[in-house]
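# Close look at the chain arrangement
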Amino acid sequence: MPAVLSSTRKLTLGELNLILIANVLVALVATLHVFFLILEMFLWDKPQGLKVFRNTPEKAEITKVLAANQGLYNGFLAAGLIWGLVHGNSAFAFQIKAFFLLCVIVAGAYGAATVSTRILMVQALPAAVALVALFLA
(Lines give C-alpha, C1' and ligand atoms only; values in the text may rest on other atoms or scores of the structure.)
Protein backbone atom coordinates (compact mmCIF):
# COMPACT_ATOMS: atom_id res chain seq x y z
CA MET A 1 0.00 0.00 0.00
CA PRO A 2 1.52 3.42 -0.93
CA ALA A 3 2.39 5.85 1.81
CA VAL A 4 -0.02 8.70 2.31
CA LEU A 5 1.42 12.12 1.62
CA SER A 6 1.69 14.17 4.78
CA SER A 7 -0.42 16.89 3.18
CA THR A 8 -3.30 14.49 2.55
CA ARG A 9 -3.26 12.30 5.66
CA LYS A 10 -5.82 12.76 8.40
CA LEU A 11 -4.49 14.60 11.46
CA THR A 12 -4.83 13.04 14.89
CA LEU A 13 -6.63 14.80 17.72
CA GLY A 14 -3.27 15.42 19.42
CA GLU A 15 -1.88 17.04 16.28
CA LEU A 16 -4.97 19.20 15.91
CA ASN A 17 -4.64 20.29 19.55
CA LEU A 18 -0.99 21.26 19.02
CA ILE A 19 -1.93 23.28 15.94
CA LEU A 20 -4.72 24.98 17.89
CA ILE A 21 -2.37 25.83 20.78
CA ALA A 22 0.24 27.19 18.38
CA ASN A 23 -2.34 29.32 16.58
CA VAL A 24 -3.75 30.65 19.85
CA LEU A 25 -0.22 31.67 20.89
CA VAL A 26 0.39 33.33 17.51
CA ALA A 27 -2.92 35.16 17.89
CA LEU A 28 -1.86 36.29 21.37
CA VAL A 29 1.39 37.73 19.98
CA ALA A 30 -0.57 39.47 17.20
CA THR A 31 -2.98 40.90 19.78
CA LEU A 32 -0.08 42.17 21.88
CA HIS A 33 1.29 43.99 18.84
CA VAL A 34 -2.07 45.56 18.08
CA PHE A 35 -2.08 46.74 21.70
CA PHE A 36 1.46 48.12 21.26
CA LEU A 37 0.30 49.94 18.12
CA ILE A 38 -2.56 51.56 20.05
CA LEU A 39 -0.30 52.51 22.96
CA GLU A 40 2.42 53.99 20.77
CA MET A 41 0.30 55.66 18.11
CA PHE A 42 -2.66 56.92 20.11
CA LEU A 43 -1.95 56.74 23.84
CA TRP A 44 1.74 57.69 23.97
CA ASP A 45 1.15 61.04 25.67
CA LYS A 46 -2.00 60.00 27.54
CA PRO A 47 -1.99 58.75 31.16
CA GLN A 48 -2.04 55.06 30.20
CA GLY A 49 0.83 55.47 27.72
CA LEU A 50 2.85 57.56 30.17
CA LYS A 51 2.43 54.89 32.83
CA VAL A 52 3.24 51.91 30.61
CA PHE A 53 6.35 53.50 29.14
CA ARG A 54 7.35 55.27 32.36
CA ASN A 55 7.47 58.56 30.51
CA THR A 56 7.04 62.19 31.47
CA PRO A 57 4.58 64.38 29.57
CA GLU A 58 7.50 66.51 28.34
CA LYS A 59 9.47 63.55 27.00
CA ALA A 60 6.32 62.03 25.49
CA GLU A 61 5.60 65.24 23.59
CA ILE A 62 9.13 65.32 22.15
CA THR A 63 9.09 61.63 21.13
CA LYS A 64 5.45 61.36 20.02
CA VAL A 65 6.20 61.13 16.28
CA LEU A 66 8.93 58.53 16.83
CA ALA A 67 6.58 56.46 18.99
CA ALA A 68 3.86 56.61 16.35
CA ASN A 69 6.33 55.33 13.76
CA GLN A 70 7.30 52.51 16.10
CA GLY A 71 3.62 51.71 16.65
CA LEU A 72 3.10 51.44 12.91
CA TYR A 73 5.88 48.85 12.70
CA ASN A 74 4.23 46.88 15.50
CA GLY A 75 1.05 46.99 13.44
CA PHE A 76 2.89 45.50 10.48
CA LEU A 77 4.11 42.64 12.69
CA ALA A 78 0.54 42.02 13.88
CA ALA A 79 -0.74 42.13 10.30
CA GLY A 80 1.83 39.56 9.20
CA LEU A 81 0.92 37.21 12.02
CA ILE A 82 -2.79 37.58 11.27
CA TRP A 83 -2.05 36.91 7.60
CA GLY A 84 -0.34 33.67 8.63
CA LEU A 85 -3.31 32.69 10.77
CA VAL A 86 -5.87 33.16 7.98
CA HIS A 87 -3.87 31.95 4.97
CA GLY A 88 -5.48 28.93 3.34
CA ASN A 89 -2.30 27.04 2.45
CA SER A 90 -1.07 25.49 5.71
CA ALA A 91 2.54 25.06 4.54
CA PHE A 92 2.79 28.69 3.44
CA ALA A 93 0.90 29.85 6.55
CA PHE A 94 3.53 28.09 8.67
CA GLN A 95 6.29 29.98 6.86
CA ILE A 96 4.52 33.32 7.28
CA LYS A 97 3.95 32.77 10.99
CA ALA A 98 7.52 31.57 11.55
CA PHE A 99 8.96 34.57 9.68
CA PHE A 100 6.92 37.16 11.56
CA LEU A 101 7.52 35.49 14.93
CA LEU A 102 11.25 35.61 14.22
CA CYS A 103 10.89 39.30 13.35
CA VAL A 104 9.14 39.90 16.68
CA ILE A 105 11.90 38.03 18.54
CA VAL A 106 14.63 40.06 16.83
CA ALA A 107 12.75 43.32 17.50
CA GLY A 108 12.27 42.31 21.13
CA ALA A 109 15.92 41.38 21.57
CA TYR A 110 17.03 44.67 20.02
CA GLY A 111 14.62 46.61 22.21
CA ALA A 112 15.88 44.78 25.28
CA ALA A 113 19.48 45.59 24.38
CA THR A 114 18.85 49.25 23.58
CA VAL A 115 15.87 50.37 25.68
CA SER A 116 14.78 48.04 28.50
CA THR A 117 15.27 44.38 29.35
CA ARG A 118 11.54 44.36 30.14
CA ILE A 119 10.93 44.25 26.37
CA LEU A 120 12.54 40.82 26.24
CA MET A 121 9.85 39.44 28.55
CA VAL A 122 6.91 41.36 27.09
CA GLN A 123 7.69 41.02 23.38
CA ALA A 124 10.37 38.42 22.60
CA LEU A 125 9.43 35.70 25.10
CA PRO A 126 5.77 35.29 24.00
CA ALA A 127 6.94 35.15 20.38
CA ALA A 128 9.61 32.57 21.21
CA VAL A 129 7.04 30.40 23.02
CA ALA A 130 4.68 30.70 20.05
CA LEU A 131 7.50 29.80 17.64
CA VAL A 132 8.40 26.68 19.63
CA ALA A 133 4.72 25.67 19.69
CA LEU A 134 4.50 26.28 15.94
CA PHE A 135 7.44 23.97 15.29
CA LEU A 136 6.02 21.30 17.60
CA ALA A 137 2.62 21.39 15.87
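Note that the structure is a prediction, hence the values are computed from the model and not measured. (Residues numbered from 1 in each chain as written. Predicted model: local features only at pLDDT ≥ 70, side-chain atom pairs only at ≥ 80, totals over all residues. Heavy atoms only, no water.)

## Details of the pattern of salt bridges
Note the cut-off: Here, a salt bridge means any Lys or Arg side-chain nitrogen found within 4 Å of an Asp or Glu carboxyl oxygen. Each residue is assigned to one of three classes by its accessible area relative to the maximum for its type, calculated with a 1.4 Å probe on protein chains only: buried under 20%, partly exposed between the two thresholds, exposed over 50%. What counts as a helix is a DSSP run of H or I of at least four residues, what counts as a strand is a run of E of at least two, and both are numbered from the N terminus.
Summed over all chains, the structure comprises two salt bridges. Linking Asp45 and Lys46 is a salt bridge whose minimum nitrogen-to-oxygen distance equals 3.1 Å. For Asp45, a relative accessible area of 21% puts it in the partly exposed group. With a closest N to O distance of 3.0 Å, Lys64 and Asp45 form a salt bridge. Taken together, the residues span a long stretch of sequence, with Lys64 in helix α3 (residues 57–86) and Asp45 in the loop between α1 (13–42) and α2 (47–52) at a distance of 19 residues. Connected through shared salt-bridge partners, Asp45, Lys46 and Lys64 make up one network.

## As for the nonpolar core
Going by this rule: Here, nonpolar core refers to any group of buried Ala, Val, Leu, Ile, Met, Phe, Trp, Tyr and Cys residues whose side-chain atoms link them within 4.5 Å. Contacts are assigned to residue pairs that have any heavy atoms within 4.5 Å of one another.
Of all hydrophobic cores here, the largest spans 16 residues; its most connected members are Val29, Leu81, Leu101, Val104 and Leu134. For Val29, the residues in contact, after removing those within four places along its chain, are Leu81, Leu101, Val104, Pro126, Ala127 and Ala130.

## Focus: the UniProt feature "transmembrane region" (unreviewed entry) in the protein
Just so we agree on the cut-off: UniProt positions are given in the numbering used here, feature names are shortened, and annotations may be inferred rather than shown by experiment.
Those places that UniProt annotates as "transmembrane region" (unreviewed entry) correspond, in this numbering, to residues 20–44, 65–86, 92–112 and 119–136. In this annotation, residues 92–112 is assigned 100% helix and 0% strand; the end-to-end C-alpha distance for the span is 30 Å.

## Notes on the environment of Phe76
By secondary structure assignment, the location of Phe76 is in helix α3. Linking Phe76 and Arg9, residues 67 residues apart in sequence, is a C-alpha distance of 34 Å.

## Let's talk about the packing of α1 against α3
Filter applied, for reference: Under this scheme, a helix contributes an axis fitted over its contacting stretch, all axes are lines through C-alpha atoms, and angles between N-to-C directions fall in the 0 to 180 degree range. When an angle is under 35 degrees it counts as roughly parallel; over 145 it counts as roughly antiparallel; between 65 and 115 it counts as roughly perpendicular; any other value is oblique. Two helices that cross are described as forming a left-handed crossing if the nearer one is turned anticlockwise from the farther one by less than a right angle, and a right-handed crossing if clockwise. Side-chain classes are defined by residue name, with Ala, Val, Leu, Ile, Met, Phe, Trp, Tyr, Cys and Pro counting as nonpolar, Asp, Glu, Lys and Arg as charged, and the others, Gly among them, as polar.
α3 packs onto α1 with a crossing angle of 160° between their chain directions and a minimal axis gap of 8 Å. It follows that α1 is roughly antiparallel to α3 by the angle criterion. Relative to α3, the crossing made by α1 is left-handed. Touching Asn23, Val26, Ala27, Val29, Ala30, His33, Val34, Phe36, Leu37, Glu40 and Met41 of α1 are Ala67, Ala68, Gln70, Gly71, Leu72, Asn74, Gly75, Leu77, Ala78, Leu81, Ile82 and Leu85, all from α3. Broken down by class, the residue content of the contact of α1 with α3 amounts to 16 nonpolar, six polar and one charged.

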